[in-house]
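Coordinate analysis (summary)
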Amino acid sequence: MHIAEGFLPPAHAIAWGVASAPFVVHGVRSLTREVRENPESTLLLGASGAFTFVLSALKFPSVTGSCSHPTGTGLGAILFRPPIMAVLGTITLLFQALLLAHGGLTTLGANVFSMAIVGPWAGYAVYKLLRRYTVPLMVAVFFGAFVADLSTYCVTSVQLALAFPDPVTGFLGALGKFGSIFAVTQIPLAVSEGLLTVLVMRLLVQSSKGDLTRLGVFLAGKQARAGAEEKTGAVA
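Let me begin by describing the structure that accompanies this report. Keep in mind that what you see is a predicted model, and the values were worked out from it rather than measured.

Rules of the game
Within any chain, residue numbers begin from 1 and follow the written order of that chain's sequence. Since the coordinates come from a predicted model, pLDDT governs what is reported: local features require at least 70, and pairs of side-chain atoms require 80 or more to be given and counted, while whole-chain, interface and lining totals use all residues. Heavy atoms throughout the structure, all of them, feed into the side-chain values; hydrogens and water do not. Numbering of helices and strands starts at the N terminus; helices are DSSP runs of H or I of at least 4 residues and strands are runs of E of at least 2. Note on exposure labels: buried denotes an accessible area under 20% of the residue type's maximum, exposed denotes more than 50%, and partly exposed covers the range between, all computed with a 1.4 Å probe on protein chains only. Pairing of N or O atoms within 3.5 Å defines a polar contact, subject to two protein rules: one partner must be a possible hydrogen donor and the other a possible acceptor, and residues neighboring in sequence count only if both atoms are side-chain atoms. Whether two residues touch is decided by their heavy atoms; if any such pair falls within 4.5 Å, the residues are in contact. Stacked, tilted and edge-to-face are the three classes assigned to paired rings of Phe, Tyr and Trp, where Trp is represented by its six-membered ring and a pair needs centres within 6.5 Å; plane angles under 30 degrees give stacked, over 60 edge-to-face, the rest tilted.

**Thoughts on the side chain of S151**
With respect to the helices, strands and loops of the structure, S151 is situated in helix α6 (residues 137-163). Judged by relative accessible area, S151 falls into the buried class, the value being 12%. Among the polar contacts listed, one links the side chain of S151 to the backbone oxygen of V147, at a separation of 2.7 Å. Ignoring sequence-local partners within four residues, the contact set of S151 consists of V118, G119 and A122.

**A closer look at unusual backbone geometry**
Most peptide bonds take the trans form, and the phi angle of most residues other than glycine is negative. Backbone geometry places A101, a non-glycine residue, at a positive phi of 60°. Mapped onto the elements, A101 comes out in the loop between α4 (82-100) and α5 (108-132). Relative accessible area serves as the criterion here: at 63%, A101 is assigned to the exposed category.

**Comments concerning the environment of F164**
Position of F164 among the secondary structure elements: in the loop between α6 and α7 (170-207). Counting along the chain gives ten residues from F164 to A174, while the straight-line C-alpha distance between them is 7.1 Å. Non-local contacts of F164, meaning those with residues more than four positions away in its chain, are made with F7, P9, A174 and F178.

**Describing the packing of aromatic side chains**
Within this structure, the stated rule accounts for six aromatic pairs. Aromatic pair F23 and F113: ring centres 6.4 Å apart, planes at 80°, arrangement edge-to-face. Here F23, found in helix α1 (residues 10-37), pairs with F113, found in helix α5; they are 90 residues apart in sequence, far enough to count as distant. A centroid spacing of 6.4 Å and a plane angle of 35° characterise the contact between Y124 and Y127, whose relative ring orientation is tilted. Of this pair, Y124 and Y127 both sit in helix α5, three residues apart, which is roughly one turn of that helix. Accessibility classification places Y124 together with Y127 in one group, the buried group. Every member of this aromatic cluster is reached through a ring pair, and the members are W16, F23 and F113.

Here is the structure:
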């Protein structure tokens, strides 16, 4: 990750693009509503997107010529929910493909699905589960960012294994090979990203406590459920 330009067979590239499109469209609507109803969120939205862009642009060599990098999507998913992160992640991946030659246009759908969709949803789910059981905020933030990072590479391994199954052991054999290659560097990177996200969240608690309160970051347990139900009712 990022899967390079032209690396996937055309049918796979198209299929991942089609799978990603509904999430991105829904995210655009969510982002538009957030900016319209809460224009004060613009600065924090920009910061979340910049955080993702910078972290995911860092490349660290892995084994057999591969590379790994942080994703930075956990923070935005926790602050603004995964649909909005799908848009921020897509914009990040598009600019990286055009300006940095990270990923590509033909593989944009696959990279969006792994980094901008599955990663944020997985990380957010873990974060919300931990907060539901009143786990301290920073612990939940760490595991949310950790899972968002690691799940991205799990999906990328699946995507590559589907495209290039092992001649002998098939999909499962290829999945094991791709997963083991990424794991060498990605597990330590996921831990590092979790710690960095905690540091950034601590800074936000000090400088933007009002925004975090409005976004429901400080809610836990029954309060979080009540807040979510209230917000769902308002959207409906």
